[in-house]
Amino acid sequence: MTAVKVTARGAERWKQGHPWIYRSDVADEPDKTPGIVPVTDRKGKFFGQALYSPKSEIRLRLLTRGKEPIDATWWTERIAAAAQRRNGIGASAWRVVHAEGDGLPSLIIDRYGPWIVAQLLSAGLETARADVVAGITAALAPDGILFRNDAGVRRHEGLPAEVVLAFGQVPEVVEVVEDGLKYLAAPWSGQKTGAFLDQRENRLLVGQHTRAGGRALDLFTYHGSFALHVARKAKTVLAVDQSTEALSRGGENAQLNGITNIEWREANAFDLLRELERRREQFDTIVLDPPAFAKTKANLERALGGYKEINLRAMKILAPGGVLFTSSCSYHVSRDLFHALLADAARDSGRRMQFLAATGAASDHPELLNVPETGYLKGVLLTAPA
Ligand code: SAH
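Some remarks on the site of the ligand
The full set close to the ligand counts 16 residues, and Phe-220, Ser-225, Asp-241, Ala-269 and Asp-289 are the nearest of them. Here an oxygen atom of the ligand sits 3.5 Å away from a polar atom, N or O, in the side chain of Arg-203. Contact distances for the ligand include 3.5 Å between a nitrogen atom and a side-chain N or O atom of Asn-268. A total of 590 Å² of accessible area belongs to the ligand in isolation, and the protein chains cover 90% of it. At the level of elements, α6 (225-231) and α8 (269-278) are the ones that each hand at least two residues to the shell around the ligand. Partitioning the shell around the ligand into residue classes produces eight nonpolar, five polar and three charged.

Re the packing of aromatic side chains
Scanning all chains against the criterion turns up eight aromatic pairs. A ring pair is formed by Phe-220 and Phe-293, whose centres lie 6.3 Å apart and whose planes are at 70°; its orientation type is edge-to-face. Of this pair, Phe-220 sits in the loop between β14 (215-219) and α6 while Phe-293 sits in the loop between β17 (283-288) and α9 (300-316); the two residues are 73 residues apart in sequence, bridging distant segments of the chain. Judged by its relative accessible area of 16%, Phe-220 falls in the buried class. Ring plane angle 40° and centroid distance 4.7 Å describe the contact between Phe-293 and Tyr-307, whose orientation is recorded as tilted. With Phe-293 in the loop between β17 and α9 and Tyr-307 in helix α9, the pair connects residues that are 14 residues apart, well separated along the chain. Following the ring pairs from residue to residue traces out a cluster consisting of Phe-220, Phe-270, Phe-293, Tyr-307 and Phe-338. Here the guanidinium or amino end of Lys-67 rests over the ring plane of Phe-46, the centre of that ring lying 4.8 Å away.

Conventions and cut-offs
- Residues numbered from 1 in each chain as written.
- Predicted model: local features only at pLDDT ≥ 70, side-chain atom pairs only at ≥ 80, totals over all residues.
- Heavy atoms only, no water.
- Near = heavy atom within 4 Å.
- Polar contact = N/O pair within 3.5 Å; in protein donor to acceptor, adjacent residues only side chain to side chain.
- Areas by Shrake-Rupley, 256 points an atom, 1.4 Å probe, with all protein chains shown as cover.
- Helix = DSSP H or I, 4+ residues; strand = E, 2+ residues; numbered from the N terminus.
- Nonpolar A, V, L, I, M, F, W, Y, C, P; charged D, E, K, R; others polar.
- Phe/Tyr/Trp six-rings, centres within 6.5 Å; stacked < 30°, edge-to-face > 60°.
- Buried < 20%, exposed > 50% of the residue type's maximum accessible area, 1.4 Å probe, protein only.
- Lys NZ or Arg CZ within 6 Å of the ring centre and 35° of its normal.

If you want it as structure tokens, here you go:
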């Protein structure tokens, strides 16, 4: 394909370790069809090869600084290397490729036992679909490959939303084992690629810090994945979600594990927290894992208000010596902002909140300092010393 030429500012981004070059830093794009293109400066000096998306603000995503052919073998080697870096995960479902975080921009590959659920999130990558499928097949030898190409970001690329089977078979429901606990994932229809794999290490952390024999509260429980870990140690767990469907899957998950100390309650978490506070109820372990309140920068202010409210109320109903794990998956809420709003909530709550740990997404979702977009999940573990 004909080379795409970039400005000095565009080239500088690659030097600084960020794989994206925006539309405004492209100097010449003669052939406006998506694909894998050589990238040069205005005079033709070669910089590397990139995925090219003619309709996206993110025009170029760096694949390699070399001139090697980007074929099925190339994808196989890159995918195998990413899988290799993840040796020893204590679960049957995990992320094999975390896009930019693994040097494979806009490509997500998740493993659910013998099945693969993947996402092609750019127009350039979409043109390499056949080679990517060949690469996944050769590197991971799956029983099936499903593309969950229904992620919203594909719109910015001019790509359709679709869920398609690319190879073999992938079941509607997959049983995942995580640290000895079982849960059901739904590759075709569940959130993300079928489950929240990014919280795996946080679930283990919360399990470890759960107060034995105490009372626990898991808000925004979805399929109860935190609740299950907590239930192994707590006396009782109140698991809350506004979705009946999510709760019934939670119930199935508990049953799979023979867990009987979780009460599943359909409620709005905001209302319930207010009510629990009014009734002066207390919990020894609390988990807050809400959906992204700040979907865009525009509603950041409102989102911060929402985060502060639930955290403030959770702090108020935390038993002396209790543990609160709180998280935010809004990309627009930076780690600094999140910590600042928690400090704010702590002051307003009148409780002395001690910081135990700050976490992010599980290590199979590597975050690059140079590429802030690779990180979005923040977790904080707090305790209210007795
Ligand atoms: N903790 C889960 C993921 C939570 S996803 C896990 O680790 O798997 C967010 C969940 O919050 C969804 O299930 C959604 O139904 C629920 N939710 C969103 N807004 C809510 C609200 N105001 N009250 C209660 N649940 C809510």
